[in-house]
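Notes for the structure review
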Amino acid sequence: MRTVELSYDGTRLTPPEAYDRIRDFTRYPELVDVVRSVAVHPTGKGTTVLSDWEVDFRNGVLAWTEQDDFDDAALTITFRQTDGDFESFEGRWEVAPRASGGARVRFAAAFDFGLPSLAGIIDPVAERVLRETVEQILRALLGDAPAALGPALTAAGGAAGATREAA
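Let me sum up the structure you'll find in this document.

What counts, and at which threshold
- Residues numbered from 1 in each chain as written.
- Predicted model: local features only at pLDDT ≥ 70, side-chain atom pairs only at ≥ 80, totals over all residues.
- Heavy atoms only, no water.
- Phe/Tyr/Trp six-rings, centres within 6.5 Å; stacked < 30°, edge-to-face > 60°.
- Helix = DSSP H or I, 4+ residues; strand = E, 2+ residues; numbered from the N terminus.
- Buried < 20%, exposed > 50% of the residue type's maximum accessible area, 1.4 Å probe, protein only.
- Lys NZ or Arg CZ within 6 Å of the ring centre and 35° of its normal.
- Patch = residues over 30% accessible without salt bridge, like charges linked within 9 Å, V, L, I, M, F, W, Y side chains within 5 Å.
- Areas by Shrake-Rupley, 256 points an atom, 1.4 Å probe, with all protein chains shown as cover.
- Salt bridge = Lys/Arg side-chain N within 4 Å of Asp/Glu carboxyl O.
- Core = buried A, V, L, I, M, F, W, Y, C linked by side-chain atoms within 4.5 Å.
- Contact = heavy atoms within 4.5 Å.
- Pairing = 2+ DSSP bridges.
- Axes fitted to C-alpha atoms, helices over the stretch in contact; angles between N-to-C directions.

**Points about the packing of aromatic side chains**
Applying the stated rule across the entire model yields 15 aromatic pairs. Ring centres of Tyr28 and Trp53 lie 5.9 Å apart, and the angle between their planes is 65°; on these two criteria the pair is classed as edge-to-face. Remark: Trp53 occurs in strand β3 (residues 48-57) and Tyr28 occurs in helix α2 (residues 28-31); sequence separation between them is 25 residues. Summarising the aromatic geometry, the rings of Phe57 and Phe113 are spaced 6.1 Å apart at their centres and angled 25° between planes, so their arrangement reads as stacked. With a gap of 56 residues between them, Phe57 in strand β3 and Phe113 in the loop between β7 (103-112) and α3 (119-142) connect regions that are remote in the sequence. The same class applies to Phe57 as to Phe113, namely buried. The ring of Phe70 is capped by Arg23, whose NZ or CZ atom sits 4.1 Å from the centre of that ring.

Given below as structure tokens:
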């Protein structure tokens, strides 16, 4: 199973403001070209929703449905794929205050395509695309600069898609 972790510092927004922006998944296609669409469906189970994702990947599209559990008090979002192109995909968003003000966002995910014979080819590309896409989303949502934490924001290579300005 491949993992991706990154941290991102934002100084313009409070942690609740940053969390509210991150949880608005339907806005992501406006922010990053590689995210084609996100549809969110209430489940009737309080703070749990299902979301359908389509993301450009290599010469095709990755599609999946995930269950997203929001903990507004803890400012966390836990997700896991329920159907789709991954064999497994799960992770977590965490938002916390920074000592110097603003918010620190931590994103962690683990994925497996279930194709051991192609893992050496596909997994590194998927890891790079996921890392770059999350960084672009956070830069558009929060502004500011990447935190100096984790290996996440030093990935080599070009951007996964153009970032658009957040309103």
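**As for a nonpolar patch on the surface**
Together, Leu115, Leu118 and Ile121 give the surface a local cluster of nonpolar side chains, amounting to about 260 Å² of exposed area. Inspection of the secondary structure assignment puts Leu118 in the loop between β7 and α3.

**Regarding the pattern of salt bridges**
Here the structure, examined in full by the defined rule, presents 12 salt bridges. Between Glu5 and Arg106 there is a salt bridge, with its nearest N and O atoms 2.9 Å apart. Of this pair, Glu5 sits in strand β1 (residues 2-10) while Arg106 sits in strand β7; the two residues are 101 residues apart in sequence, bridging distant segments of the chain. Assessed through its relative accessible area of 29%, Arg106 is described here as partly exposed. Between Asp9 and Arg98 there is a salt bridge, with its nearest N and O atoms 3.3 Å apart. In this pair, Asp9 is assigned in strand β1 and Arg98 in the loop between β6 (88-97) and β7, connecting sequence segments 89 residues apart. No difference in accessibility class separates Asp9 from Arg98, as the two residues are buried. Because the salt bridges share partners, they merge into one network encompassing Glu5, Arg92, Glu94 and Arg106.

**Quick word on the nonpolar core**
By size, the foremost hydrophobic cluster in this structure holds 44 residues, and its most contacted members are Ile22, Tyr28, Trp93 and Leu138. With 10 residues, α3 is the single largest residue contributor to this core. Setting aside anything within four residues of it in sequence, one finds Leu138 in contact with Leu6, Tyr8, Ile22, Trp93, Val105 and Gly143.

**Side note on the sheet that holds strand β5 (residues 76-84)**
If you walk across this open sheet you meet the 7 strands as β1-β7-β6-β5-β4-β3-β2, and the pairing is antiparallel. Of all the strands in the sheet, just β1 and β2 (35-45) have a single pairing partner and so form its edges. When strand polarity is set aside, the average angle formed by the axes of neighbouring strands in this sheet is 20°. In the sheet, β2 pairs with β3 via 8 bridges, with the strands oriented antiparallel. Bridged to Val38 within β3 is Trp53. Of the strands in this sheet, β4 (60-71), β5, β6 and β7 touch helix α1 (residues 15-22), which is tilted by about 155° from β6. α3 contacts β1, β2, β3, β6 and β7 of the sheet and is inclined by roughly 15° relative to β1.

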